[in-house]
Amino acid sequence: MSPIRRLLIFNRGEIAVRIIRTAKKMGIFTVAAYAPDEPLSLATEIADLSVRIDSEMKQAYMDIDAAINLAKRHAADAIHPGYGYLSENAEFAMRLREQKIGFIGPSPEVLSLFGDKGRAKDLAKNLGLPLLPGFELTEPFESESQKRDLRLQATKSVGFPLMVKASGGGGGRGIRRVESEAGLIEACATVSKEAQIAFGSSGLIVERAIDEARHIEVQVIADTQGRAMSIGTRECSVQRRRQKIIEEAPAELPEKLSQVLSGQAQTLILKSGLTGLATVEFLLDTNDQHYFLEVNPRLQVEHTVTEAITGLDLVEWQIRLASGESLTEFSPPQNLGYAIECRLNAENPEQGFLPSTGFVRHFSFPQDDAQIRVDHGLVKGFSVQ
């Protein structure tokens, strides 16, 4: 891809602001997209140009045609999808390739690979990464004989408790824990139905559950010349409803284990052919035995703690790598200390911390300084939807 001079940010809120600020620092003209009923936001205030998405609010940021039309109409060289929404959508990346519009993210082929947890696990297995005992479930399990075979396979090859996961799932969705054989069929049916609706595929993965597991991530960057580099670990074990709410960097690990995880993550990304940023995720049991979990081939919410301890701007490197720059001159960053991130969510604690919507009437944050960083996309009157 040629150098990017004009960038469409097809996302909203905090991540849109985050991308706009880095792009402007790089001298790139920024175009912020907004949905029909949310013209008020910090992103639209600070972007060089703000443009309305020609789509219904509920599907605005998932509308591939709308994104392409905006990019063409406003002469954008590339689109940055942020995270969530279209950031891991292989069809979107392919459509942009066909239209000769840059995509700040991996190739469609890599997105397709890591969007299928079964294929990702097969690659990891072939490279010698340890996996949890489990199996894929693609055949229907409707007849009594199929249900019996499923129970038998789960009992013999996995054991209880176990996890039922959507093969194409993500973001903490499409997951059920099953404590005994009695709840297996119902859990599989529920997750399969949810997966079809949310991800367009009913395929499942059944794998062993680990009690008191630690969730460890390795941040990797890679260029188009076949170079990949691990730039640090993160701990994301504090979660609610399988959504991360506290993240730390670096993860507190024995030095040898940290090196093993980083090396395996780097090898996996190299073999996948990914360009840009990726997070390779592992689970650790109470004996520090690690297991490959999945790859998120995009910017993560928790990228900020890695930036805090390395001094890197990962969004800048996303853009540079997407433009074809190499890591030839990139030096492994030094660990500058320790960082912790806390996500502030619009929730109602009296309702079990369920999501809460409404208008922002007032907010106040500490000032950014050498010790505190606040990323947000709020303005007074902003609508949380």
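Data block above holds the structure.
Because the structure is a prediction, the values reported are computed rather than measured.

Participant: Explain the pattern of salt bridges residue by residue, including any values.
Facilitator: Summed over all chains, the structure comprises 32 salt bridges. For Glu144, the salt bridge is made with Lys147, and the minimal N-O distance between the two is 3.8 Å. Placement of the pair is Glu144 and Lys147 together in helix H7 (residues 144–157), with a separation of three residues, close to one helical turn. Residue classification places Glu144 among the exposed residues on the basis of a relative accessible area of 53%. The partner of Glu217 in a salt bridge is Arg234, with the nearest N and O atoms 2.9 Å apart. One end of the pair, Glu217, is in strand S10 (residues 214–222); the other, Arg234, is in strand S11 (residues 228–240), with 17 residues separating them in the sequence. Exposure class is identical for Glu217 and Arg234. Each is buried. Here the salt bridges do not stand alone but share partners, grouping Arg18, Lys25, Glu307, Asp313, Glu316, Arg320, Glu325, Arg373 and Asp375 into one network.

Participant: Give me the lowdown on the environment of Ile175, citing residues and values where you can.
Facilitator: Along the chain, Ile175 turns up in strand S8 (residues 175–178). Setting aside its immediate chain neighbours within four residues, Ile175 contacts Met163, Val164, Lys165, Val191 and Arg242.

Participant: Run through helix H3 (residues 64–73), naming residues and quoting values.
Facilitator: Along H3, the residues classified as buried are Ile64, Ala66, Ala67, Ile68, Leu70 and Ala71. Next to the buried residues of H3 lie strand S1 (6–9), strand S2 (29–34), strand S3 (49–52), strand S4 (78–80) and helix H4 (90–98). Residue Asp63 occupies the N-cap position of H3, its side-chain oxygen lying 3.2 Å from the main-chain nitrogen of Asp65. Among the residues trailing H3, Ala75 stands out with phi positive, at a value near 55 degrees.

Rules used throughout
Residues numbered from 1 in each chain as written. Predicted model: local features only at pLDDT ≥ 70, side-chain atom pairs only at ≥ 80, totals over all residues. Heavy atoms only, no water. Salt bridge = Lys/Arg side-chain N within 4 Å of Asp/Glu carboxyl O. Helix = DSSP H or I, 4+ residues; strand = E, 2+ residues; numbered from the N terminus. Buried < 20%, exposed > 50% of the residue type's maximum accessible area, 1.4 Å probe, protein only. Contact = heavy atoms within 4.5 Å. Polar contact = N/O pair within 3.5 Å; in protein donor to acceptor, adjacent residues only side chain to side chain.

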